[in-house]
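Below, each chain spelled out in residue letters.
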Amino acid sequence: MPNWGEVGVLSWDSEVFGFPVATYRANDASAISRNLPDVREALKTWAVENDVELIGCSLSATEPMWRLSLPRLGFLFVDSTLTYTQPKLHRAKFPRSYAVRLATMEDRQSVERIAEQAFNVGRYHADPFFPTALANLRFRRWLEKAFASLGPSSRIYVTGESGAVTAFTHSNVEGDRAYITIGGADVAFQGRGAGAAVFLGTLEALRDSGVRRAQSKLSASNTAMMNLTAYAGCRFSNPELVYHWHAPDARHLLEAKSITR
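These numbers come from a predicted model, not from an experiment. (Residues numbered from 1 in each chain as written. Predicted model: local features only at pLDDT ≥ 70, side-chain atom pairs only at ≥ 80, totals over all residues. Heavy atoms only, no water.)

Caption draft 1: Representation of the overall build of the chain in the model. If you tally the helices and strands in the chain, you get 10 helices and 10 strands. Computed over C-alpha atoms, the radius of gyration of the chain comes to 20 Å, within 12% of the 18 Å expected from 2.2 N^0.38 for 261 residues, which places it in the range of a compact globule. Residue pairs in contact within the chain that sit at least 24 positions apart in sequence constitute 75% of those at least 6 positions apart. Both charge centroids of the chain, one from 29 positive and one from 26 negative side chains, sit 7 Å from each other. (Helix = DSSP H or I, 4+ residues; strand = E, 2+ residues; numbered from the N terminus. Rg over C-alpha atoms; globule rule 2.2 N^0.38 Å. Contact = heavy atoms within 4.5 Å. Lys, Arg positive; Asp, Glu negative; His and termini not counted. Charge placed at Lys NZ, Arg CZ, Asp CG, Glu CD.)

Caption draft 2: Spotlight on the packing of helix H5 (residues 108-117) against helix H7 (residues 132-147). Here H5 crosses H7 at 150°, and the two axes come no closer than 7 Å. Put simply, H5 runs roughly antiparallel to H7. For the pair H5 and H7, the crossing hand works out as right-handed. Contact residues: Arg108, Val111, Glu112, Arg113, Ala115 and Glu116 in H5; Asn136, Leu137, Phe139, Arg140, Leu143, Glu144 and Phe147 in H7. Classifying every residue of the contact of H5 with H7 gives six nonpolar, one polar and six charged. (Axes fitted to C-alpha atoms, helices over the stretch in contact; angles between N-to-C directions. Parallel < 35°, antiparallel > 145°, perpendicular 65-115°, else oblique. Left-handed = near helix turned anticlockwise from the far one by under 90°. Nonpolar A, V, L, I, M, F, W, Y, C, P; charged D, E, K, R; others polar.)

Caption draft 3: Region of interest: the packing of aromatic side chains. Evaluated as defined, the whole model comprises 10 aromatic pairs. Both rings, one in Phe17 and one in Phe19, keep their centres 6.0 Å apart while their planes meet at 25°; by these two values the pair is stacked. Note on accessibility: Phe17 and Phe19 belong to one class, buried. Between Tyr84 and Phe199, the ring centres sit 6.1 Å apart and the planes meet at 75°, which makes this aromatic pair edge-to-face. With Tyr84 in strand E4 (residues 75-86) and Phe199 in helix H8 (residues 194-208), the pair connects residues that are 115 residues apart, well separated along the chain. The exposure classification of Tyr84 matches that of Phe199, with both residues buried. (Phe/Tyr/Trp six-rings, centres within 6.5 Å; stacked < 30°, edge-to-face > 60°. Buried < 20%, exposed > 50% of the residue type's maximum accessible area, 1.4 Å probe, protein only.)

Structure, rendered in structure tokens:
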């Protein structure tokens, strides 16, 4: 699709869900808006040929043309995201220290349980047509994968006793930079400071291990996390809008009538 972008299957998500889902990288908003019927038909044809039931698309929130074009292509707005960065972590100091520890295999079951039960944000959770159980399973599998690669470059920090984790984070570390991929607190400890403790404790642990810059992405609907990252001195950038296209005959997605009841 010249100037219309690229579309491809997300292999890992598809494996978790048991059916193909894809991502669409749109390029030229003006070119797409001038060829909406052709782009819409090309996406539909590709989805049918590849048995794809959902196509995700993340676009810059600073380009207003996308807000016009994506719905006309059949996409539904589901989420908005921001990147947050602590650019000078090596200099960061917090009013209070929080103790975290590196997870061990004894913590695996506890952490995976939290990952499957603790979240209600993210693009799959925000999509009213997507089954919540599968969105939850995706996060559990995420942590299964993280535990399989534990080491200096893939770290899970936790709070709580061995085998009884109260909160966790996972970070990918490369040199003096870290990307926090996910973090959450046990449902029983949410609203009691567990999330803040593990996040700030993670930043301190990363800092003390030589990391100078930490970064991640969050949903703009997660205001508690936005406040926490702002408290930690993070800066926000790269606002994006997230859309989903759903196949009309999707077998695994929820039907509109079941949502509106």
